[in-house]
Amino acid sequence: MAVIFVAFISACSGLWSAAVLVHGQTCVNESSYAEQVLDVGRPYELRCPVISQSSPEVQPTWQKNCLQLPDQDGKTFLQFAGVGVEDQGNYTCTQKGNVTVSFTVNLIVKESRCSKAPEFKPHGDATEVWRSLGDTVKLNCTALLLWDPSEAQCDTALRWSKSGQPLTNHTRYPQDTSSWSPAGGQLMVNSLIQISLREPEDFGLYSCTTRNISADFSVHSSSRPSHTAAVISAVVLLLLLAVAAVVYSRCHLNIKLWYRDAYGDYELNDGKSYDVYISYVNNDYDRKFVNFILKPHLENKNGYKVHLNDNDILPGSEPSAELLMNMSRSRRLIVLLSHAYLEQDWCSNNFRQGFLHLLELCQRPIIVTLEGQSRRMSPDIKQLLSEHQHRLTLLTWRQNSVTPSSVFWKELTLAMPRRILFHSESGGDPQTVLQDDKDPMLTLDPDYLDCRSDTDPAGDLGVRLPVFKALACRAPVLPVAPTTAAEPKPSDIDVSDLGSRNYGARSDFYCLVTEGDV
């Protein structure tokens, strides 16, 4: 059944093709018929031979495949700028009013091998060449062409041009052209041109053209940018960034301290009498830590003025007037949050309320914990400190914090105010000497603020007068206060029993303090 159906379709197709052929030949006079074979792209002019030159007044009509061409009526010839495959067919020329006089030309258009585009080797993309003035550059153009030796006109030449202008001076631009046939119907053409870059005008765009297709060569001035230098620069930059990151991770505290000492703001004219107020529990361990480690370092190493108070800093009820007075007279607050401190009644009952009250009274308090004791803190206290870490400075005293260059002392110094130099033994406290109004809560004896040396360095810390030492930094030096002769005043502190006191109990803590601190 399928075979019969295919045979039927074939028969119908043959009849339809024959009918079309007959219809195409109804206007064709077989006695006046000719064939013309042309290549694609060639110009052609088709004349009507039935019109004699002696009778130019006779106007012809044109038909293509027996279809009228109204736009060509009255023309004695048809002109094609370049024939294409769509132009092939039967062109019939007929005299007007006399259809029996006609002439038909069967125009056959074939694609010529010589009209096909060339294939440039190794690729057809634009080539960039970087040279310096005075150099010589050679441009090599190779093209694969399809050709037919039987065709009379077959373009196989390679022509050079610069910026659209042909290079005809073969003396200045010597050329070497060769060709060979790699296979049947193919021709490989090679042209080598040598250019001497004597002037800046010799740089530019050079083109190798054949069959209206070009391969471009761009000759640029100076050498090609070196990617190796860029890669090396990137690697060096990454190494520098890595080294800077390592140095900053190890020395960021020193950098911050240097920047603060060089460009930080001074806390002057703020009405404060002390640099730091330390709150701790008055037991043996905490008292020794504060009096033999914390306070000597702040006073002797950093030159800060320290105020101590044995009262509780965070009572469960409203803070006392003395507590508020001590906090208002100090620029910083240090709380030694030890195990004994947390065992107080107010800590056991409501530590959260007292801690939040502390944050309201003081901005960024300094909380010092001991490494061995901090591990035994309750989870609630640890969580509370972690939640408010951005509002306070939390420091931990470790075994390696004894040395003055440890992280603990650097972080503590960074949290303290910036100090200024004051080279005078009678000028007073450098932080309060510029204040016009004195704190009314100070002692009535103004010599209490003088930077006098300790009368007995080995004496008890409880009766020892404050010592202020100027540090070597680039801070401005205040002017020397005027000295006036004054009568010596008796000391308010009774030192008559210093010789009878026993200091042997403190000898175990002296190992934590350097000779400069004593």
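Residues numbered from 1 in each chain as written. Predicted model: local features only at pLDDT ≥ 70, side-chain atom pairs only at ≥ 80, totals over all residues. Heavy atoms only, no water.

Caption draft 1: Up close: the pattern of salt bridges. Tallied over the full model, the rule gives eight salt bridges. Put simply, Asp-155 and Arg-159 hold a salt bridge, and the shortest N to O gap is 3.0 Å. A relative accessible area of 29% means that Asp-155 is categorised as partly exposed. (Salt bridge = Lys/Arg side-chain N within 4 Å of Asp/Glu carboxyl O. Buried < 20%, exposed > 50% of the residue type's maximum accessible area, 1.4 Å probe, protein only.)

Caption draft 2: Here's a closer look at unusual backbone geometry. Note the cis peptide between Lys-121 and Pro-122, where omega equals 0 degrees. Inspection of the secondary structure puts Pro-122 in the loop between strand E8 (119–121) and strand E9 (127–131). One non-glycine residue, Ser-163, lies in positive phi territory at about 55 degrees. If you trace the backbone, Ser-163 turns up in the loop between strand E11 (159–162) and strand E12 (165–166). Residue classification places Ser-163 among the exposed residues on the basis of a relative accessible area of 53%. Phi angles above zero are rare outside glycine, and Asn-212 is one such case at about 65 degrees. (Helix = DSSP H or I, 4+ residues; strand = E, 2+ residues; numbered from the N terminus.)

Caption draft 3: Structural view of the packing of helix H2 (residues 227–263) against helix H9 (residues 407–415). It is the contact of H2 with H9, at a shortest axis distance of 10 Å, that shows an interaxial angle of 30 degrees. In terms of orientation, H2 lies roughly parallel with respect to H9. Crossing of H2 against H9: the hand is left-handed. Counted together, Leu-253, Asn-254, Lys-256, Leu-257 and Arg-260 of H2 and Val-407, Lys-410, Glu-411, Thr-413 and Leu-414 of H9 form the full contact between these two elements. In terms of residue class, the contact of H2 with H9 is made up of four nonpolar, two polar and four charged. (Axes fitted to C-alpha atoms, helices over the stretch in contact; angles between N-to-C directions. Parallel < 35°, antiparallel > 145°, perpendicular 65-115°, else oblique. Left-handed = near helix turned anticlockwise from the far one by under 90°. Contact = heavy atoms within 4.5 Å. Nonpolar A, V, L, I, M, F, W, Y, C, P; charged D, E, K, R; others polar.)

Caption draft 4: Representation of the sheet that holds E12 in the model. Strand order in the open sheet formed by five strands is E9-E16-E15-E11-E12, and the pairing between neighbours is mixed. Each edge of the open sheet carries a strand with a single partner, namely E9 and E12. Where E11 meets strand E15 (residues 204–210), four bridges bridge the pair, whose relative direction is antiparallel. Within the sheet, the bridge partner assigned to Trp-160 lies in E15 and is Cys-208. (Pairing = 2+ DSSP bridges.)

Caption draft 5: Region of the structure containing the state of the cysteines. With the rule as written, the count across this model stands at three disulfides. Each sulfur in the disulfide pair Cys-114 and Cys-154 lies 1.8 Å from the other. Taking the torsion about the S-S bond as the criterion, the Cys-114 to Cys-154 disulfide, at about -95 degrees, is left-handed. Taken as a pair, Cys-114 in the loop between strand E7 (98–110) and E8 and Cys-154 in the loop between strand E10 (136–146) and E11 lie far apart in primary sequence, 40 residues in all. In this structure, Cys-114 and Cys-154 share a single accessibility class: buried. (Disulfide = S-S within 2.5 Å.)

Caption draft 6: Up close: the confidence of the model for the protein chain. Averaged over the protein chain, the pLDDT score is 74; the fraction of residues at 70 or greater is 69%. Across the protein chain, the element-wise mean pLDDT spans from 42 in helix H1 (residues 2–24) up to 93 in E15. Here residues 434–453 is a poorly scored stretch, pLDDT under 50, and it has 37 contacts once near neighbours within four places are set aside; other chains count. Contacts of residues 457–481 to residues separated by more than four positions or lying in other chains number 63 contacts, the stretch itself having pLDDT below 50. (pLDDT = per-residue confidence, 0-100.)

Caption draft 7: Just the sheet that holds strand E13 (residues 175–180), in detail. Pairing is antiparallel across the open sheet formed by four strands, whose spatial order is E8-E10-E14-E13. Of all the strands in the sheet, just E8 and E13 have a single pairing partner and so form its edges. Neighbour-to-neighbour, the strand axes of the sheet open up by a mean angle of 20 degrees, direction not taken into account.

Caption draft 8: Structural context of the packing of aromatic side chains. Counted according to the given criterion, the structure contains nine aromatic pairs. Their ring planes at 75 degrees and their centres at 5.9 Å tell us that Phe-80 and Tyr-91 sit as a pair that is edge-to-face. With Phe-80 in strand E5 (residues 77–80) and Tyr-91 in strand E6 (residues 89–95), this pair connects stretches of sequence that are 11 residues apart. Per residue, the accessibility class of Phe-80 equals that of Tyr-91, and both read buried. An angle of 90 degrees between the planes, with centres 5.2 Å apart, marks the rings of Trp-397 and Phe-408 as edge-to-face. Here the residue Trp-397 occupies a position in strand E21 (residues 393–397), and Phe-408 occupies one in helix H9, the gap between them amounting to 11 residues. With respect to class, Trp-397 is no different from Phe-408; both count as buried. Members of the aromatic cluster, connected to one another through ring pairs, are Phe-289, Trp-397, Phe-408 and Trp-409. In this structure, Arg-47 packs its charged tip against the face of Phe-77, placed 4.8 Å from the ring centre. Across the ring face of Tyr-206, the terminal group of Lys-162 is positioned such that the distance to the ring centre comes to 5.8 Å. (Phe/Tyr/Trp six-rings, centres within 6.5 Å; stacked < 30°, edge-to-face > 60°. Lys NZ or Arg CZ within 6 Å of the ring centre and 35° of its normal.)

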